[in-house]
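# Reading the structure
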Amino acid sequence: MSVSTNDLKNGMTLDMDGVLFTVIEFQHVKPGKGGAFVRTKLRNVMTGAVIDRTLNAGVKVEVAMVEKREMQYLYADGDHYVFMDNQSYDQHTVPGSVVGDLSRYMTEGQTASVAIHDGTPITIELPAAVVLTVTKTDPGVKGDRVSGALKPATLETGAEVQVPLFIEEGDRVKVDTRSGDYLEREK
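Residues numbered from 1 in each chain as written. Predicted model: local features only at pLDDT ≥ 70, side-chain atom pairs only at ≥ 80, totals over all residues. Heavy atoms only, no water.

### Let's talk about the packing of aromatic side chains
Heads up, the rule is: Aromatic pairs are defined between Phe, Tyr and Trp rings, using the six-membered ring for Trp, whenever the two ring centres lie within 6.5 Å; interplanar angles under 30 degrees are classed as stacked, those over 60 as edge-to-face, and all others as tilted. Helix numbering and strand numbering both begin at the N terminus, where a helix is a DSSP run of H or I of at least 4 residues and a strand a DSSP run of E of at least 2. Burial here depends on accessible area, computed with a 1.4 Å probe over protein chains only, as a share of the maximum for the residue type. Under 20% is buried, over 50% is exposed, and the range in between is partly exposed.
Under the defined criterion, the tally for this structure stands at two aromatic pairs. Seen from their ring centres, Tyr73 and Phe83 are 5.5 Å apart, and the 50 degrees between their planes marks the pair as tilted. Residue Tyr73 is located in strand β7 (residues 66-77), and its partner Phe83 is located in strand β8 (residues 80-85); the two are separated by ten residues in the primary sequence. On the basis of relative accessibility, which here comes to 0%, the residue Phe83 falls in the buried class. Taken together, the ring pairs connect Tyr73, Tyr81 and Phe83 into an aromatic cluster.

What follows is the structure in structure tokens.
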């Protein structure tokens, strides 16, 4: 399916010479001389690299048909991750290269949004924050409650995050899946 560069939208996935790019931002520019053009910032879906590309206004570009499905993470199988479609109950195997660092925040039974292009999973998105259990951290020392001081903690998924000194083993903490930062302790 083709669309004019005048109709671009943020989040749209384009197929440019067989490579998929997601539109991060775009700006229509009408200089005093010459034709109008569209300045875009695009993210390569497979590598995550961001590029700047200038396109002539009104030119047709290919839109990739990408379907997002809610899926439940079932288990890891070697370097692959198995998800189940919440509607059809079909199981999909997603390569570790697609999951990337997000595997550090995935627990069995967790829901994720999986983007599929031509039957192949191309990206996954987790909720912005997840709650995980601290499995290993040094105990806080009485009186050692310096404001803002942090210590390392290992979570149930094996991820390591910096947490405040009052966090103990067994505590459940909310972690930002985009930055890997500690957000708060869950009650």
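### Points about the sheet that holds strand β16 (residues 182-185)
Within a sheet, adjacent strands bond to each other through the backbone by hydrogen bonds, running parallel or antiparallel. Where we set the bar: Strand pairing requires that DSSP identify at least two bridges connecting the strands. All axes are obtained by fitting lines to C-alpha atoms, using only the stretch in contact for helices, and the reported angles, taken between N-to-C directions, cover 0 to 180 degrees.
In space, the five strands of this open sheet follow the order β14-β13-β12-β15-β16, with antiparallel pairing throughout. Both edges of this open sheet fall to β14 (160-164) and β16, since each of them pairs with a single strand only. The mean angle between the axes of side-by-side strands here comes to 50 degrees, regardless of whether they run parallel or antiparallel. Where strand β13 (residues 150-155) lies against β14, five bridges are found, and the strand directions are antiparallel. Looking at β14, one finds that Thr154 is bridged to Glu160.

### A closer look at unusual backbone geometry
The phi dihedral of Tyr89 falls on the positive side, at around 65 degrees, and the residue is not glycine. Within the secondary structure, Tyr89 sits in the loop between β8 and β9 (91-95). Residues other than glycine seldom take positive phi values, yet Asp118 does so here, at roughly 55 degrees. By the element assignment, Asp118 lies in the loop between β10 (111-117) and β11 (120-125).

### Observations regarding the nonpolar core
To keep it simple, the criterion reads: Throughout, nonpolar core names a set of buried Ala, Val, Leu, Ile, Met, Phe, Trp, Tyr and Cys residues whose side chains join them through atoms within 4.5 Å. By definition in these notes, contact holds between two residues if any of their heavy atoms fall within 4.5 Å.
Of all hydrophobic cores here, the largest spans 27 residues; its most connected members are Phe83, Val99, Tyr105, Met106, Ile124, Leu155 and Val173. Counting residues per element, the ones that place at least two in this core are β7, β8, α1 (96-99), β10, β12 (129-137), β13, β14 and β15 (172-176). In contact with Val99, not counting residues within four places along its chain, are Tyr81, Val94, Met106 and Ile124. Core analysis: the next-biggest nonpolar cluster, separate from the first, contains twelve residues, Val3, Leu14, Met16 and Val63 among them.

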